[in-house]
Amino acid sequence: MPTGWRYIAQRALPETILDWEVPLALSSNPKRDLSGPGSLTGTIEPEYARMIGSDGLPILQDWNTKLYLEIEGNIRWGGVITKTSFDGPKATVQCEGFSSYATGIPFEDHIISGALITPKDPYAGKDKNHDGWVDGKKGKERVPDPPKPYGGPRIDTYDAVRAIWKHIQSRPYGNIGLTIDTHDLGEPLGAKDGSDPWELAWWDNPDCGQALDTLARDTPFDWVETHAWSGSGNTIAHRIVLGKPRLGRKRTDLRFADGENIAAIAKPEGMGDEFANEVVVLGKGEGQKMKRAQVHRYDGRLRRVATVADKTLSSDSSLRTRGEQELAGRTHALQIPAIQIIDHPNARLGSWALGDDILVQVHVPWVGDVAVWHRIISDEISADGLVVLTLKRSDSFHY
């Protein structure tokens, strides 16, 4: 294990430190994801795997042990052990970020935003002969039109995120310890006129993790999971940081260049068969009543069309948002999917954040020297000090 590195094991409930020096050998590097939980896999000697904690339980236990990577006093990765397996002399430990806990947890409540409200008609039943006059008052009092339906109260997208996490963590043995940012996104859910309410109802058997992923995809917004020492004790704070709507910033203060701090690049890629400069989105409904949206971004190249079907979409805004998302990922040109970097004065370890835009300056055969802005969507730290940054072109995001 590199100097300054250590893996810390903690009981999930309650959060009691079990071991300050877990002898973990990495199988896959600790990975942090933008709008995802991240992961880590490692192997441990079997005699350690049989060790018992102060609570009488195995130190490493599925869904009962939290594991952290600390580098030079800072927690760089945190997660929960989701699976242990044994093969000969080695035990394999698979971990995922805390936010993965939401997947597989049913939502057992009801939330609705922008419900269609139909007011009670005070004249209902007072015109039994349907002549347009109030019964017994013909020629004196006409029956007015019934009150028009209207859209009910709407909640902010981030209120829905917090409500789902509150539901998850309020259940017995369900508090994984995450705190959620308190600000609003500024995007109310559901149509203002009540024509397309957003609803999460227990009778539809929704999955909390899928509901959270759908909110992030359809609105859209960024989020990231963080872990850090809190106070002077052995307390670790766990947080979901919410973007408004995106996280990260343009990093003109950092440099990523061939021959300096970039050790290797993944094979550059273009869109090829995936290229499209127009997208048709087919939503809710059938036949001529099907909801439909069409977006384009013509750039001088021949028109190419991609068709996307998503029967969960019914409002014009949600259809267009889905189309813009698809289009953003299909119209970009040359992309560097990943770079491997060294700890260097150009960009010290941990100086970037997930979601940051960085200028990648590399030489690409048959193309030449290129400098293209990319967003960091994940990072992986290896034991040899190298870091892999997974990237997407900045112009492939529309928010």
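Below is a short write-up of the structure. Since this is a predicted model, take the numbers as computed values, not measurements. (Residues numbered from 1 in each chain as written. Predicted model: local features only at pLDDT ≥ 70, side-chain atom pairs only at ≥ 80, totals over all residues. Heavy atoms only, no water.)

**Some details on the nonpolar core**
Core analysis: the biggest nonpolar cluster contains 42 residues, and V22, F256, I339, I341, I358, V360 and L389 have the highest contact counts within it. In this structure I341 touches F256, N261, I262, A263, W352, G385, L386, V387 and L389, once residues within four positions along its chain are discounted. The next biggest cluster of nonpolar side chains, apart from the first, holds 32 residues, and it includes I111, I164, A211 and A216. (Core = buried A, V, L, I, M, F, W, Y, C linked by side-chain atoms within 4.5 Å. Buried < 20%, exposed > 50% of the residue type's maximum accessible area, 1.4 Å probe, protein only. Contact = heavy atoms within 4.5 Å.)

**Looking at the sheet that holds strand β19 (residues 305–309)**
Pairing is mixed in the open sheet, where three strands are placed in the order β18-β17-β19. Only two strands of the sheet have a single neighbouring strand rather than two, namely β18 (292–296) and β19. Strand-to-strand twist of the sheet, defined as the mean angle between neighbouring strand axes without regard to direction, takes the value 15 degrees. Of the pairings in the sheet, the one linking strand β17 (residues 278–282) to β18 comprises five bridges and is antiparallel in character. From the neighbouring strand, V279 faces β18, where its bridge partner is V295. (Pairing = 2+ DSSP bridges. Helix = DSSP H or I, 4+ residues; strand = E, 2+ residues; numbered from the N terminus. Axes fitted to C-alpha atoms, helices over the stretch in contact; angles between N-to-C directions.)

**A closer look at unusual backbone geometry**
Each neighbour pair has its own omega, and for T219 with P220 the value is -20 degrees, a cis peptide bond. The residue P220 is located in the loop between α3 (208–218) and β13 (223–230) in this model. With omega at -5 degrees, the peptide bond leading from K244 into P245 counts as cis. Here P245 shows up in the loop between β14 (235–242) and β15 (256–257). Positive phi values are uncommon outside glycine, yet E72 reaches one of about 50 degrees. Position of E72 relative to the elements: it lies in the loop between β5 (65–71) and β6 (74–87).

**A closer look at the pairing of β6**
Bridge count between β5 and β6: six bridges; the pairing is antiparallel. Directly across from L67, in β6, lies its bridge partner G79. Counted between consecutive antiparallel strands, the loop separating β5 from β6 contains two residues, among which E72 sits at a positive phi close to 50 degrees. Bridge count for β6 against strand β7 (residues 90–96) is seven bridges, and the pairing is antiparallel. Looking across to β7, one finds that S85 is bridged to T92.

**Some words on the packing of helix α2 (residues 157–170) against α3**
Two elements in contact, α2 and α3, have axes separated by 10 Å at closest approach and are oriented at 165 degrees. Judged on the interaxial angle alone, α3 and α2 are roughly antiparallel. In this structure, α2 crosses over α3, and the sense of that crossing is left-handed. Of the residues in α3, those touching α2 at T157, A160, V161, I164, W165, H167 and I168 are C208, A211, L212 and L215. Of the residues in the contact of α2 with α3, the class split is nine nonpolar, two polar and no charged. (Parallel < 35°, antiparallel > 145°, perpendicular 65-115°, else oblique. Left-handed = near helix turned anticlockwise from the far one by under 90°. Nonpolar A, V, L, I, M, F, W, Y, C, P; charged D, E, K, R; others polar.)

**A closer look at the environment of Y150**
Considering the arrangement of structural elements, one finds Y150 in strand β10 (residues 150–151). Exposure remark for Y150: the relative accessible area of 43% places this residue in the partly exposed category. C-alpha separation for the pair Y150 and Q61, spaced 89 residues apart in sequence, amounts to 52 Å. Here Y150 is in contact with A115, L116, I117, P119 and D193, once residues within four sequence places are set aside.

Functional significance is not addressed by these values, which are geometric in nature.
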